[in-house]
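# Structure at a glance
Each chain, written out:
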Amino acid sequence: MEFKDLVFQVEKAIHDVGVDPAAARGEEEGQWLLMRNDTPIYLDAWVAEQRSPWNYFIFEEDPTTVQMTIPFCYAPTLQREAFLEELLTVNLNLLYGKFTYNAKDNVVALIYRLPGLSFQPADLPRVIDGLMYYSEMAYHVLKDEFTLKRVLVEES
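A brief structural summary.

Cut-offs used in this document
Residues numbered from 1 in each chain as written. Predicted model: local features only at pLDDT ≥ 70, side-chain atom pairs only at ≥ 80, totals over all residues. Heavy atoms only, no water. Salt bridge = Lys/Arg side-chain N within 4 Å of Asp/Glu carboxyl O. Helix = DSSP H or I, 4+ residues; strand = E, 2+ residues; numbered from the N terminus. Buried < 20%, exposed > 50% of the residue type's maximum accessible area, 1.4 Å probe, protein only. Expected span 1.5 Å × (residues − 1). Arc of directions from axis to C-beta. Contact = heavy atoms within 4.5 Å.

Here the structure, examined in full by the defined rule, presents six salt bridges. Residue R25 is joined to E11 by a salt bridge in which the shortest nitrogen-to-oxygen separation is 2.7 Å. Of this pair, R25 sits in the loop between α2 (21-24) and β1 (31-36) while E11 sits in helix α1 (residues 3-16), and the two are 14 residues apart along the sequence. Where D123 meets R126, a salt bridge forms, and the shortest distance between an N and an O atom there is 3.4 Å. Note on D123: relative accessible area 25%, which makes it partly exposed. For R126, a relative accessible area of 45% translates into the label partly exposed.

Take helix α4 (residues 80-91) next. The terminal C-alpha atoms of α4, which comprises 12 residues, lie 16 Å apart, in line with the 16 Å expected from a rise of 1.5 Å per residue. Along α4, the positions that sit buried rather than exposed are F83, L87 and N91. Around the axis of α4, the buried residues are gathered within 85° of arc, so they sit on the same side. In α4, the exposed residues that point more than 90 degrees away from the buried face are E81, E85 and L88. On its buried face, α4 is in contact with β3 (64-74), β4 (98-102), β5 (107-115) and α5 (124-146).

See the structure below:
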């Protein structure tokens, strides 16, 4: 898929969920920030410049990618390994996404990623709803056991 066509499709999807794409655009082309309540939803589209051994099977057909990222919480200092193991177990049950961990920022996020050719604007509301549901449910189920702290909008 051509990058400009992918950007058009993503902006159509953003518009269709009731957000002005121009107001949601980030600093670089292919970056948008949506908000749901106090939760940031980062939406990115890009063209891979080189093949990854993890994505080798699609690169020749379509080097474009769409990714949605929702910061979930900071990983706990105590019981971090048990917490991350719990999230790996939870990942088995998730549709439309997975938990990931950014050690540099100590942030756990929910991620949804797919090849650009697979992106369908009509799917965006369902994906956002699903990721937001997982974020809320996991936080409330795990917050006391692991003393979780949310990522605030201005910190993300």
